[in-house]
Amino acid sequence: MSGREVVVTGLGLLSPLGDSADAFHEALLVGEVGVKPIELFDSSLLTTRNGGEIRPFEPERYLGERNLRPLDRTSRLLISAATRALEDSGWTEGARNGTELSLAVGTTYCSMHTIGEFDRRGLKLGPNYVSPFDFANSVINAAAGQAAIWHKLTGVNSTLAGGETSGLQAIAYGADLIRTGQADVVLAGGVEELCFESSIAYSRAGRLCGGEVGTDDDGRPVPFDRGRDGFAPGEGAGLLVLEAAEAAEARGAKIYARIAGSGSAFAPRRNGDLSAALARAIRTAWASNGAGGGALLCVASGASGARDLDAWEAEGIARGLEARGAAEAPVTAIKANLGEALGASGVFQAMSLIATLGDGRLPGIPGLQTTDEGFPLSGASAAARTVAVAPGALALATAISADGPVMALLLAAP
Amino acid sequence: MISIAVTGLGLATPIGLGHETVWPGLLAGRSGFRPVGLFDTSRHGTHLGAEVQDFDPAAWVRRTPVESMSRASHLGVAAARMALEDAGIDPENLAPETAERFGVTMGTTSGEPLEIERLSDLMVGDRLDELGGELAGRYPCHLIAAHVAAELGFAGPNQMIPTACAAGNYAIAFAVEALLAGRADLMIAGGADSFSRMTYTGFGKLGAIAPDVVRPFAKNRKGMIPGEGSGVLVLERTESALSRGARIYAEVAGYGLTCDAHHMTAAHPEGDGPARAMERALRTSGLSADEISYVSAHGTGTPTNDKLETLAVHRVFGRGTKVPISSIKSMIGHTMGAASAIEAAVCALAIHEGWIPPTTNYDEPDPECDLDCVPNQARQVRVDVAMNNAYAFGGNNASVIFRRPHVRA
C-alpha cells in the first residue's frame, strides 16, 4: 500500500497502571499487576472478584471545571485520554490554525452500563421517565461524539467495534485515512469501561478467570500459562496521535514511531481457524511498503489468560512469523497486568511497544510458569528483558476475537 | 476520483425483502407503518412502528444455528445473501484464496438491542440466575459483521462500524478504503438494525416520533417513526467487476465524513457539519454541485432535521436549487443503522433504473424546506450522479456520491 507515511506524534492514556506513557511502561517493567478487587460494582456474582479498574479515576484532573454530568464513564475516560494525547502532541485547540482533527475509536460496547441503565429505568418507571442524557449516550458512537464535542474534533469521526481487536482496528483505519489523504491528523485508539453488565456476560459464558461463584478461587489472568483459567475484565482509554510524516517533521513534532503496516482478517469457522487468520494478517502487515527491511524486535500479543484463545493466538503468531525467521522474537502479554480492556487493549499494546522501541526495555509476563506442551513461542518469558533497538526496528501487536476478527499492527522505530 | 463498482444489492425493509420487491414498492409509495408488534405500547404516546414483516431468518441463516444470533444479524445475513446472489457470486463455491480477499463491513446504531433488553428483564425481574452465556454470545455489535462473514465464508477484512444513523455510509466509506488499498477484492458493505423498545422509548422521550405518518419536508411534519432492516451493497474495484463481467448498477465516486462537534442529539444550527460532508464528497469525486442529479435526503421528518438539512443543502447547492431531493423514510421509517445503506442502494437503483422515489405524505409546503422533494409521485428521469446523505447522534455526518458507470471516464 502506497501513499503518505504515517507517524505517531502523541500518546494519551488512562490505565489501571497510570495515566502517562512513562508510568505505564515502568509499571509493566517491574511486573506491577493492576488487576485487583473490583470496587466499581458488586462483583460477587462473577467467577472472579478482580478486575483491571482505574482507581481512583478523577476526570476533573483532565477535564477541569466544565460540566461533566452529561458524560458517562466511557466518555470521561476517552475525553481524558484525548486531553493527554492532544497536550503531548501539541494539537491543543489553540494551536491548530484551521487544521481539522479526526477521531477513530475502537470499542466493543461503548457503555453497556449506560445502555442497561437507560432500559431498566424505562422498565421500572415507565417510558416517560427515561433520561434523555442516557439515551444520547446509548448509541455505541457516544463516546466518540462526546470527545469530538469536548475537543472540537470536526474531521472524520468513526467508531470501530471488534471485541479484543477494536483498538488495533481503529489505529489501522486512522493510518489508512492519512495515507489516502482523507484525514491529516487522527486521534486513534480505543476505550472500554469496566461494568457489571459486560462482566456478568463473560462470567456466565465461562470466560473470566476464577472458579465457582461464591468460592475464594478468584483465579488470576496468566496469559500463555498452562494453568490459565480465563481473563480478568479490565478498562481504560488510550489514543495515539497519527499524522503524515512530512507534516510532523515540518512542524518539528516529536516522533515516537512509524505505523509500518497493518493486516486484518477473519476466521469464518472461528476456533482453530483463528490461528490461520492471524498468520495471514501478520503476513499482510509485513508485506506493507512501510515495513522496509527492519528486523522484528518484539511482539505485544493480545493473550489474556483465555484458555483457548491464547493457544490460537500463539499458534497464529508463530505461523505468521515463520516465513520471516522471527518466530523466536520476544513476546509480551500485558493483559496479565491490565486485564482485558477490549477496545482499549490494542492501544495499550501499541503504547507498550512504542515505549520498548524507545528504550529497548521489554516487560515480562507476571505469573507465567509453565506453558502448554508444544507451545510455539520461545520468546514468552516471565522476566523483563532488554533488547537492542536499531533505527527502523519493527514491533508487532496482535489481537484475536473469539467471534472471528483478527488484527496485526506493525510499528517501526523512527 | 474514486472508481468502485456497486455490483449487488440486498434489502430487508418494512415494505418487503429484496430490491425486486422494495424498489417498485418505493416508486409506488407503499407505506411500512404498522402498529408496533414487538412490545406493548400502551404506556407510550405513539403506537406505530416500521417493522420488517413476514421475515423467516431460517430461510437465510444456513451455516450456523438460527438461535445463535439475534435479529439485526438475521436481517444483515439475509440482505448480504441477497446482495451476493444479485452480484452473481455463489458463496458455496468460493476458492479459499478468493474468500481471503472478500471482506465485510457493516454499520449499526444499537447492535443487538434485544439481547440487552433481555438482560434488563432478568435484572428488573430478579431472575438473573436465568442468564447464561448467550449474552456474550449474541449481544456485542461486531457479531453482525462476524455472522455475515461466517455465513458467507468471507475471510478478508471484517469491520463493524457502530456510528449510529450514518453507519451505513460509514461502512461504505470503510469498504472503499479497503478496496483502494488492496486489502480486499470485494466487500460486503451495509448496515443492520433491529426494532427495539429502547430505541422507541428514547425517541419517544425526545418527542421525535410521529403519531401517524412521516411527512419529510412538509409544513406539519411531526417526527420520524423508528424502523428496522438491513441494506447491503456488494462493492468491487471497477476494473475487477468489469473483468468478471458483472452488472454494475453504479460506481462510488467519493465520500465525505465529518463531525459537527456541537451536540450529541441536536444538529448544528447552521448545518455546518452536513455541508462540509457534502462538500468533501464532491471534492473527492471531482464533481461540482450542479452535476448532482438526485439527493437522497437524511429526511427523518422531524421539524428540526428537515429544516437544518435544507439549510445545509442551500449552503452547498445554492438557495433556490432545483436538485430533486427525496426521503424514503416517508415510506419505510427510520431504519437506524440500516437507513443510509438502504438509501445507498436506492441511489444506485435511481441511476440504474432512471427513476427517483418520492417523498410521500407531502401535503402543505414549508417555506423553511423549499426544496424539490419529489412530492408523492415517483419521477422518471435520467440520474447520472446521486448523493446519499446521512446524519447521526454524536454529530456524525456522511455523504457518499454514486455516479453512472463511466459517465466521466
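Leu411 of chain A together with Leu233 and Leu235 of chain B are the most contacted members of the largest nonpolar core, which totals 302 residues. Broken down by element, this core gets its largest block of residues, 11 residues, from helix 13 (residues 339–353) of chain B. Apart from the residues lying within four places of it in its own chain, the contact partners of Leu411 of chain A are Ala257, Arg258, Ile259, Ala260, Ala350, Leu353, Ile354, Leu357 and Ala395 of chain A.

Looking now at the domain arrangement of chain B. Frequently, the measure chosen for interface size is the accessible area removed from exposure when the parts meet. Residues and elements named next belong to chain B. Annotation of chain B at the domain level lists domain 1 (4–243) and domain 2 (253–403). Just the C-alpha atoms count here: the centres of domain 1 and domain 2 sit 21 Å apart. At the interface, 60 residues of domain 1 touch 58 residues of domain 2. Secondary structure elements with two or more residues in the side of domain 1 that touches domain 2: strand 1 (4–13), helix 1 (19–27), helix 7 (167–180), strand 7 (186–193) and strand 8 (229–237). Among the elements that line the side of domain 1 that touches domain 2, the one with the most residues is helix 7, at 8 residues. For the side of domain 1 that touches domain 2, the class distribution of residues is 33 nonpolar, 21 polar and 6 charged.

So, on to the domain arrangement of chain A. Residue and element names in this part refer to chain A. In terms of domains, chain A is made up of domain 1 (6–250) and domain 2 (262–412). Placing a centre on the C-alpha atoms of domain 1 and another on those of domain 2 gives a separation of 21 Å. Residue-level contacts link 58 residues of domain 1 with 54 residues of domain 2. Of all elements in the fold, only strand 1 (6–14), helix 1 (21–29), strand 3 (50–52), helix 7 (166–179), strand 6 (185–192) and strand 7 (236–244) reach the threshold of two or more residues within the side of domain 1 that touches domain 2. If one sorts the elements of the side of domain 1 that touches domain 2 by residue count, helix 7 sits on top with 7 residues.

Now for the interface of chain B and chain A. Taken together, the contact between chain B and chain A spans 62 residues of the former and 62 residues of the latter. Mapped by element, the contributors of at least two residues to the side of chain B that touches chain A are helix 4 (113–124), helix 5 (134–138), helix 6 (143–152), strand 6 (158–161), helix 7, helix 8 (197–205) and strand 9 (250–259) of chain B. Considering each element in turn, the side of chain B that touches chain A owes the most residues, 6 residues, to helix 4 of chain B. Grouping the constituent residues of the side of chain B that touches chain A by class yields 32 nonpolar, 24 polar and 6 charged.

With that settled, the discussion passes to the confidence of the model for chain B. Mean pLDDT for chain B: 97, with 99% of residues reaching 70 or above. Listed scores for the predicted complex are pTM 0.98 and ipTM 0.98.

Bringing the sheet that holds strand 8 (residues 257–266) of chain A into the picture now. By way of backbone hydrogen bonds, the strands of a sheet pair with one another, either parallel or antiparallel. All names here are of chain A. Judged by pairing direction, the sheet is mixed, and its 10 strands sit side by side in the order 5-4-6-7-1-8-14-13-9-10 without closing on themselves. The open sheet terminates on both sides in strands that have one partner only, identified here as strand 5 (157–160) and strand 10 (331–332). Along the sheet face, helix 7 touches strand 1, strand 4 (101–106), strand 5, strand 6, strand 7, strand 8, strand 13 (394–400) and strand 14 (405–412) and points at about 170° away from the line of strand 6. Along the sheet, helix 11 (residues 307–322) makes contact with strand 9 (296–300), strand 10, strand 13 and strand 14, crossing strand 13 at roughly 140°.

Moving on, we come to the pairing of strand 15 (residues 396–403) of chain B. All names here are of chain B. The element strand 15 is largely enclosed, with a buried count of 8 among its 8 residues. Residues Asn396, Ala398, Val400 and Phe402 line one face of strand 15 and the alternating positions Asn397, Ser399, Ile401 and Arg403 line the opposite face, and both faces are buried. Of the pairings in the sheet, the one linking strand 9 to strand 15 comprises 8 bridges and is antiparallel in character. The residue bridging Val252 from the neighbouring strand is Phe402, located in strand 15. Summarising the sheet, strand 14 (residues 385–392) and strand 15 pair through 8 bridges and their orientation is antiparallel. Paired with Ala390 across the bridge in strand 15 is Ala398.

All names here are of chain A. Two numbers describe how helix 7 lies on helix 13 (residues 345–359): the axes approach to 5 Å, and their chain directions differ by 70°. The angle between helix 7 and helix 13 places the two elements in the roughly perpendicular class. Where helix 7 abuts helix 13, its residues Ser166, Gly167, Leu168 and Ile171 lie against Ser345, Gly346, Val347 and Ala350. A breakdown of the residues in the contact of helix 7 with helix 13 according to their chemical character gives 4 nonpolar, 4 polar and no charged.

Calculation criteria
Residues numbered from 1 in each chain as written. Chains lettered and ligands numbered in written order. Predicted model: local features only at pLDDT ≥ 70, side-chain atom pairs only at ≥ 80, totals over all residues. Core = buried A, V, L, I, M, F, W, Y, C linked by C-beta atoms within 7 Å. Buried ≥ 20, exposed ≤ 12 C-beta atoms within 10 Å, placed from the backbone. Helix = DSSP H or I, 4+ residues; strand = E, 2+ residues; numbered from the N terminus. Contact = placed C-beta atoms within 7 Å. Domains from an automatic or database assignment. Nonpolar A, V, L, I, M, F, W, Y, C, P; charged D, E, K, R; others polar. pLDDT = per-residue confidence, 0-100. Pairing = 2+ DSSP bridges. Axes fitted to C-alpha atoms, helices over the stretch in contact; angles between N-to-C directions. Parallel < 35°, antiparallel > 145°, perpendicular 65-115°, else oblique.

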